[in-house]
Amino acid sequence: MVRDDAYWMGKAIAQARKAEAVGEVPIGAVIVKDGAVIARGHNLRESRQDPAAHAEMIAIRKAAKKLASWRLTGATLYVTLEPCTMCMGAVILSRLDKVVFGSYDPKGGAAGSLFDLSNDKRLNHSVALTPGVRGDETSALLSNFFAALRARKKQFKAGNGEMSEWSMVPDSKSSETEA
Ligand SMILES: [Zn+2]
């Protein structure tokens, strides 16, 4: 198999499915350096009740630990959803070379949607961007997750369901695409 962007995005999608499996919004990330995955992460905001537990943050911290360096020069971040301001901040601070993402996040994206922190001359680092890699799949992951969530809520409201694990699932009303 050719180890191209689509291949590595597959690894990030696998991470997103891990998040989904524990009731988290399905967002996943991997960091690749010298042709190998050096760190993985999936969204754990609800599980940890940590606003910073985004897939990218978890992966960036793991990569720095693994390399014993805060500089991730020469590495690429693959993430299923366009990073937010916090994560793009961490991308800049860690000197990553490149960010490849699946879907745009029109409500929170900081790599082209609301902001573009990838190439702001006022910052001391810029990062290459490749959007839209396997975007159909990463978008479907998110829309299927939220559709299922809405269906379960509807069923519960109609009195057909008993209180179950869905009550622990994040409220998506105001945060459809938030990581
Ligand atoms: Zn983020």
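Note that the structure is a prediction, hence the values are computed from the model and not measured.

Definitions and limits used
Residues numbered from 1 in each chain as written. Predicted model: local features only at pLDDT ≥ 70, side-chain atom pairs only at ≥ 80, totals over all residues. Buried ≥ 20, exposed ≤ 12 C-beta atoms within 10 Å, placed from the backbone. Helix = DSSP H or I, 4+ residues; strand = E, 2+ residues; numbered from the N terminus. Pairing = 2+ DSSP bridges. Arc of directions from axis to C-beta. Axes fitted to C-alpha atoms, helices over the stretch in contact; angles between N-to-C directions. Contact = placed C-beta atoms within 7 Å.

Draft legend 1. View of the pairing of strand 1 (residues 28-33). Within strand 1, five of the six residues are buried, which leaves the element mostly enclosed by the surrounding structure. Two elements, strand 1 and strand 2 (residues 36-42), share six bridges in a ladder whose sense is antiparallel. Following the sheet pairing, Val30 is matched in strand 2 by Arg40.

Draft legend 2. Here's a closer look at helix 4 (residues 85-93). Every buried residue of helix 4 is accounted for by Cys87, Met88, Ala90 and Val91. Buried residues of helix 4, viewed axially, fall in a sector of 155°; they line one side. Residue Arg95 follows helix 4 closely and has a positive phi angle near 60°.

Draft legend 3. Inspection of the sheet that holds strand 5 (residues 128-130) at higher detail. With respect to topology, five strands assemble into an open sheet ordered 2-1-3-4-5, the strand pairing being mixed. On the outer flanks of this sheet lie strand 2 and strand 5, each paired with one strand and no other. Ignoring strand direction, the axes of neighbouring strands in this sheet form an average angle of 20°. Note: strand 3 (residues 75-81) against strand 4 (residues 98-103), five bridges, orientation parallel. Among the inter-strand pairings, Leu77 is bridged to a residue of strand 4, identified as Val99. Sitting on the sheet, helix 3 (residues 55-67) touches strand 1, strand 2 and strand 3, and the angle it makes with strand 2 is about 140°. Its contacts with the sheet put helix 5 (residues 135-157) on strand 3 and strand 4, and the angle it makes with strand 4 is roughly 60°.

Draft legend 4. Expanded view of the environment of Leu44. Position of Leu44 among the secondary structure elements: in the loop between strand 2 and helix 2 (45-48). As a C-alpha pair, Leu44 and Gly23 span 21 residues in sequence and 9.2 Å in three-dimensional space. In contact with Leu44, not counting residues within four places along its chain, are Glu24, Ala53 and Ile58.

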